[in-house]
Amino acid sequence: MGETASWVPEGVNTELPSAARVYDYLLGGGHNFPGDRALADKLVKVVPARDMARLNRAFLRRAVLYLVEQGIDQFLDLGSGIPTVGNVHEIAQDANPDARVLYVDYEPVAIAHSELLLESNPRASALQADMRDPERIVASPRTRELIDFDRPLGLLMVGVVQFIPDDDDPWALVARYRELLAPGSHLALSAFTWDNAPAGMAGAVEVFRNSQDPIFPRTRGEILRMLTGFDLVEPGLVYTPQWRPEREEDAADAARSNLYAGVAVASG
Ligand SMILES: C[S@@+](CC[C@H](N)C(=O)[O-])C[C@H]1O[C@@H](n2cnc3c(N)ncnc32)[C@H](O)[C@@H]1O
């Protein structure tokens, strides 16, 4: 009997931890390997990684609901991760059954599992692609089937830009996506920051160094600069639990977040 579980796509390097699988493990999912779990176990010693993951996931949910309220009915989710409880299509289609969602991730386990989950959902699909290649993503038939760039869409970059090094210019990348968006489109973004716990996050950088996805936390100013050309909606760029919390007391977790989050509109 082989040791590889049936859900593992061929050619996946199960030895080298991946952010998608580490995140899955931190959220209590089952699509991860010993190396991913070992990395996560090191991570929780330097930062409150389980809380960071949970608070980020909760921001994603609130942001998607907010976008649906703004009339957004199509979502392009970049760095979508391994499906877990409260996926974008579930949140959006629960509120609006006609909502369409394209998941994009470069991690094969994330895409294989998304495809399985979406088999019978004609309004949601998954594409294996690197978000640093917007032209390929936009031109893909899978994208074209679901997303109309001439209409406002919800662009999600939740918990992902910290995997893009300065050398790959995440600022220019977000700006390129901005050019592709119709007015009224919204961007929901969250990203790792040093600001709250510089020593802990320096430890996290070390832990992620031996993975498929090294991390690059940033200051608030650096993250704000990614939103050039967008107008932030209230309350602006804040720690994940501070973004429109459902209960006032939820915002008290801000010090454990280590991710800034915001939603911004592409105005005319
Ligand atoms: C921390 S998870 C976030 C998942 C989900 N967006 C959420 O917030 O719950 C980050 C995901 O981004 C993906 N990722 C990192 N860099 C990427 C890139 N350049 N292109 C596509 N996906 C990427 C990883 O594979 C991982 O699944």
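For the structure itself, consult the block above.
Computed from a prediction, not measured in an experiment: that's the story for all the values here.

Basis of the calculations
- Residues numbered from 1 in each chain as written.
- Predicted model: local features only at pLDDT ≥ 70, side-chain atom pairs only at ≥ 80, totals over all residues.
- Heavy atoms only, no water.
- Phe/Tyr/Trp six-rings, centres within 6.5 Å; stacked < 30°, edge-to-face > 60°.
- Helix = DSSP H or I, 4+ residues; strand = E, 2+ residues; numbered from the N terminus.
- Buried < 20%, exposed > 50% of the residue type's maximum accessible area, 1.4 Å probe, protein only.
- Lys NZ or Arg CZ within 6 Å of the ring centre and 35° of its normal.
- Near = heavy atom within 4 Å.
- Polar contact = N/O pair within 3.5 Å; in protein donor to acceptor, adjacent residues only side chain to side chain.
- Areas by Shrake-Rupley, 256 points an atom, 1.4 Å probe, with all protein chains shown as cover.
- Nonpolar A, V, L, I, M, F, W, Y, C, P; charged D, E, K, R; others polar.
- Contact = heavy atoms within 4.5 Å.

(A) Representation of the packing of aromatic side chains within the structure. One pass over the structure, following the stated rule, counts 5 aromatic pairs. Arranged with centres 5.6 Å apart and planes meeting at 90°, the rings of Y66 and W243 form a pair that is edge-to-face. Residue Y66 is located in helix α3 (residues 49–69), and its partner W243 is located in the loop between β7 (238–239) and β8 (259–265); the two are separated by 177 residues in the primary sequence. In this structure, Y66 and W243 share a single accessibility class: buried. The interplanar angle of 55° and the centroid separation of 6.5 Å between the aromatic rings of F163 and F192 together place this pair among those described as tilted. Placement of the pair is F163 in the loop between β4 (154–158) and α8 (170–180) and F192 in strand β5 (residues 186–192), with a sequence separation of 29 residues. Under the relative-accessibility criterion, F163 is labelled buried at 17%. For F192, a relative accessible area of 13% gives the class buried. Cation over ring: R178 sits above F230, and NZ or CZ is 5.6 Å from the ring centre. Stacked on the ring of W171, the Lys or Arg R225 has its end atom at 4.6 Å from the ring centre.

(B) Examining the site of the ligand more closely. The full set close to the ligand counts 19 residues, and Y23, R57, G79, D105 and V158 are the nearest of them. For the ligand, an oxygen atom lies 2.9 Å from a polar atom in the side chain of N56. Contact distances for the ligand include 3.2 Å between a nitrogen atom and a side-chain N or O atom of Y106. Considering the ligand on its own, with 600 Å² of exposed area, one finds that the protein chains cover 98% of that surface. Contributions of two or more residues to the shell around the ligand are made by α1 (19–26) and α3. Here the shell around the ligand takes 3 residues from α3, the largest share from any one element. Looking at the shell around the ligand, its residues break down into 9 nonpolar, 5 polar and 5 charged.

(C) Structural view of α1. When you tally the buried positions in α1, you get 6 out of 8 residues, the bulk of the element. A19, A20, R21, V22, D24 and L26 are the residues of α1 that are buried. Residues of α1 that are buried sit in contact with α2 (34–46), α3, α5 (108–118) and α9 (198–209). Following α1 by one or two positions, G28 has its phi on the positive side, about 90°.

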